[in-house]
Amino acid sequence: MSFLPGIFNYLIVVFLMMAGFYVVIAQGNLVKKLVGLGLFQASVFILYITMGNLSGGQAPIVGEGVTTYSSPLPHVLILTAIVVGVATTAVGLALVVRIHEAYGSAEEDHIHAEDLAQDEALLDADATREDQAGR
Amino acid sequence: MIAVAAIALSDLFAVVMLFGVYSLLTAALFMNLDAVDVAFTEAAVGAGVTTVLMLASLRLTKRWEAMPRHHHFPGLLVVGITGAALVYAVLDAPLLGDPSAPVHQHVTPHYIEQGQAEVGMPNLVTAVLASYRGYDTFGETVVIFTAGLAVLLLLGIQDDTRMRPGLSAIGDQVVLRAVIKMLIPLILLFGLYVQFHGDFGAGGGFQAGVIFATAFVLYDLVFGEGSARAVVPPRWLHRLAAIGVLLYGGVGVYSLLADRAFLDYSALADDPVHGQHLGVLLVELGVGIAVFSVVLLIFYAFSGRVRRR
């Protein structure tokens, strides 16, 4: 198992990614789903930064007497992704707040139930209207 | 471990707090992997702004989660299969720190060897961010701007009638007020340092914008809701956000007018390297202004909303 230290980070990434994935598909609360999405996102960040690392390398800021640097490219991609991530999370949270205002709940089950009830009410209304038109 | 705890708890307040701790730990890990700029951003954004935003939206919804559903099995099955496939894929991945990995081929050696000579700054992350990959960064700045617009469309900035400047939700905490009063100038100064020293050390527009916004968020949290608005009114921020994006785009258009490619900073001065440096500085300033105003706008939108139902 000599390769284990080399891929340990990747295994952590897979674990975190699956934890986030599980929250997104299995939990009913919308705020918690967003937290799950955040976990997933952070695991991708770790994946990129792990790939950019170079053994014996330094942080990519040019200094004297340093010849090996970690790759700056993944750092750039992730740096911007983090800030974009917070902006998109904010959009998600704003949607949750509006949904809560409309339905009185941020639970998926409750929202579905209310949607179904509304659909049925609409169908009933349509049926009565058709009845009246028929007459 | 923290991730697991965050999944298991049904107290959403605790979940959000654990998420903040998780972000901070991630930042430490990035530091360890030589990604100082990224660690910086993660610490400022993940542990600071995201936590505040999530708490603000909990205030507008509910703290407690409903009883969890019982059919966890299908979810676990899907996750298990996907996880197994990913672990299988990981076995073929290049090992940590392997110099022959694909990441360290192609463009990376060019960035590292020529970066300082071509762009004229020691921080290669800033050089790649603003110059080599300036198009991407422009796109991302626009995405952030758009996200800010979306939040404003969804929530709007309301004037909470119950909001009384000087009265804070946490009450009158003398110690906290005194400490924050001393900290805020330092945070602002640090934000400026990060903004303008980003070419030489770790830092840049993205981090500086977030740090600057954090100072105002702190002020608002401790000195009472709405007190930050007295300092920076929302209508200024609308314009500032647009000005930030326009500054970035303007640099690009200027280089177009000078018969160069879009965002080719060499057009900004007679000496190409000097032009690059100036361009990066301007572009980072645009990014910093845009990020600062969007983050603060989003905070205003969440904090000003009255809870309904």
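Turning our eyes to something else, we now look at the overall build of chain B. Summing up its helical and strand segments, chain B has twelve helices and zero strands in all. Helices (α) and strands (β) of chain B occur, in sequence order from the N terminus, as α-α-α-α-α-α-α-α-α-α-α-α. Across the 309 residues in chain B, those meeting the buried criterion constitute 44%. Put simply, 71% of the contacts in chain B that link residues at least 6 apart link residues at least 24 apart.

Moving on, we get to the overall build of chain A. In terms of helices and strands, chain A carries four helices and zero strands. Counting from the amino terminus, chain A carries its helices and strands in the arrangement α-α-α-α. Buried residues in chain A amount to 51% of all 135 residues. Put simply, 41% of the contacts in chain A that link residues at least 6 apart link residues at least 24 apart.

Attention now goes to helix H8 (residues 174-196) of chain B. Compared with the 33 Å implied by 1.5 Å per residue over 23 residues, the 34 Å span of H8(B) between its first and last C-alpha is a close match. Along its length, H8(B) shows its largest kink, about 30 degrees, at Leu183(B), and proline Pro185(B) lies within four residues downstream of that point.

Another aspect to go through is the domain arrangement of chain A. All names here are of chain A. What the domain assignment reports for chain A is domain 1 (4-104) and domain 2 (108-135). Tallying the contact residues gives four residues for domain 1 and five residues for domain 2. Taken together, the residues of the side of domain 1 that touches domain 2 break down into three nonpolar, one polar and no charged.

Close contact between helix H3 (residues 72-103) of chain A and helix H7 (residues 134-155) of chain B brings their axes to 9 Å; oriented N to C, the two are set at 15 degrees. Considering their axes alone, H3(A) and H7(B) lie roughly parallel with respect to each other. The two elements H3(A) and H7(B) meet at a crossing, and its hand is left-handed. Of the residues in H7(B), those touching H3(A) at Thr80(A), Val83(A), Val84(A), Ala87(A), Thr88(A), Ala90(A), Val91(A), Ala94(A), Leu95(A), Val97(A) and Arg98(A) are Thr137(B), Glu140(B), Val143(B), Ile144(B), Ala147(B), Gly148(B), Ala150(B), Val151(B), Leu154(B) and Leu155(B). Residues belonging to the contact of H3(A) with H7(B) are distributed by class as follows: 15 nonpolar, four polar and two charged.

The next subject is the packing of H8(B) against helix H9 (residues 205-223) of chain B. All names here are of chain B. It is the contact of H8 with H9, at a shortest axis distance of 8 Å, that shows an interaxial angle of 165 degrees. In terms of their interaxial angle, H8 and H9 are classed as roughly antiparallel. The handedness of the crossing between H8 and H9 comes out as left-handed. Residues Leu176, Arg177, Ile180, Ile184, Ile187, Leu188, Phe190, Gly191, Val194 and Gln195 of H8 form the contact with H9, whose own contacting residues are Gly205, Gln207, Ala208, Ile211, Phe212, Thr214, Ala215, Leu218, Tyr219, Val222 and Phe223. Split by residue class, the contact of H8 with H9 holds 15 nonpolar, five polar and one charged.

Residues and elements named next belong to chain B. Chain-level pLDDT for chain B is 73 on average; 69% of the residues reach the 70-or-more range. Per-residue pLDDT, averaged within each element of chain B, yields its smallest value for helix H1 (residues 2-8) (57) and its largest for H7 (82). For this predicted complex, the interface confidence comes out at an ipTM of 0.75, alongside a pTM of 0.76.

Moving on: the nonpolar core. All names here are of chain B. Core analysis: the biggest nonpolar cluster contains 107 residues, and Val210, Val291, Val294, Val295, Ile298 and Ala301 have the highest contact counts within it. Counting residues per element, this core draws most heavily on helix H12 (residues 272-303), which supplies 17 residues. Aside from chain neighbours lying at most four places away, what touches Val295 is Val49, Gly209, Val210 and Ala213.

Let's shift gears to helix H2 (residues 30-52) of chain A. Across its 23 residues, H2(A) extends 34 Å between first and last C-alpha, which sits within 8% of the 33 Å expected from 1.5 Å per residue. Across the 23 residues of H2(A), 20 count as buried, placing the element largely inside the fold.

What follows deals with the environment of Leu11(A). When you line up the elements, Leu11(A) lands in helix H1 (residues 4-26). The exposure class of Leu11(A) is partly exposed, given the 14 C-beta atoms found within 10 Å. Sequence separation of Leu11(A) and Val44(A) is 33 residues, and the distance between their C-alpha atoms is 12 Å. Excluding residues within four positions of it along the chain, Leu11(A) makes contact with Val87(B) and Val90(B).

Residue and element names in this part refer to chain B. Mapped onto the elements of the fold, Ile180 is located in helix H8. Given 17 C-beta atoms within a 10 Å radius, Ile180 is considered partly exposed. For the pair Ile180 and Tyr219, spaced 39 residues apart in sequence, the C-alpha separation works out to 7.3 Å.

Another aspect to go through is the environment of Arg235(B). When you line up the elements, Arg235(B) lands in helix H11 (residues 234-257). The spatial distance from the C-alpha of Arg235(B) to the C-alpha of Leu297(B) is 9.4 Å, given a sequence separation of 62 residues.

The rules behind these values
Numbers given for residues are sequential positions, taken from 1 along each chain in its written order. Lettering for chains starts from A, numbering for ligands starts from 1, and both go in the order in which the items are written. Residue-level local features of this predicted model are given only where pLDDT is at least 70; pairs of side-chain atoms are given and counted only at 80 or more, and the full residue set underlies all totals for whole chains, interfaces and linings. Starting at the N terminus, helices and strands are each numbered in turn, a helix being any DSSP run of H or I of at least four residues and a strand any DSSP run of E of at least two. Residues with at least 20 neighbouring C-beta atoms inside 10 Å of their own are called buried, those with 12 or fewer are called exposed, and the rest are partly exposed, where every C-beta is derived from the backbone. In this description, any two residues whose backbone-derived C-beta atoms lie within 7 Å of each other are considered to be in contact. One fewer than the residue count of a helix, multiplied by 1.5 Å, yields its expected span. To obtain the bend at a residue, axes are fitted to the seven residues ending there and to the seven starting there, and the angle between these axes is taken. Source of the domain bounds: an automatic or database domain assignment. Each residue receives one of three labels: charged for Asp, Glu, Lys and Arg, nonpolar for Ala, Val, Leu, Ile, Met, Phe, Trp, Tyr, Cys and Pro, and polar for the others, Gly being one of them. Here an angle of 0 to 180 degrees is reported between the N-to-C directions of two axes, which are lines fitted to C-alpha atoms, with helices fitted over the stretch in contact. Working rule for angles: under 35 degrees goes down as roughly parallel, over 145 as roughly antiparallel, 65 to 115 as roughly perpendicular, anything else as oblique. Handedness of a helix crossing follows the sense of rotation of the near helix relative to the far helix, less than a right angle counterclockwise being left-handed and clockwise being right-handed. The pLDDT value tells you how sure the predictor is about a given residue, anywhere from 0 up to 100. Under the definition applied here, buried Ala, Val, Leu, Ile, Met, Phe, Trp, Tyr and Cys residues are grouped into a nonpolar core through C-beta atoms within 7 Å.

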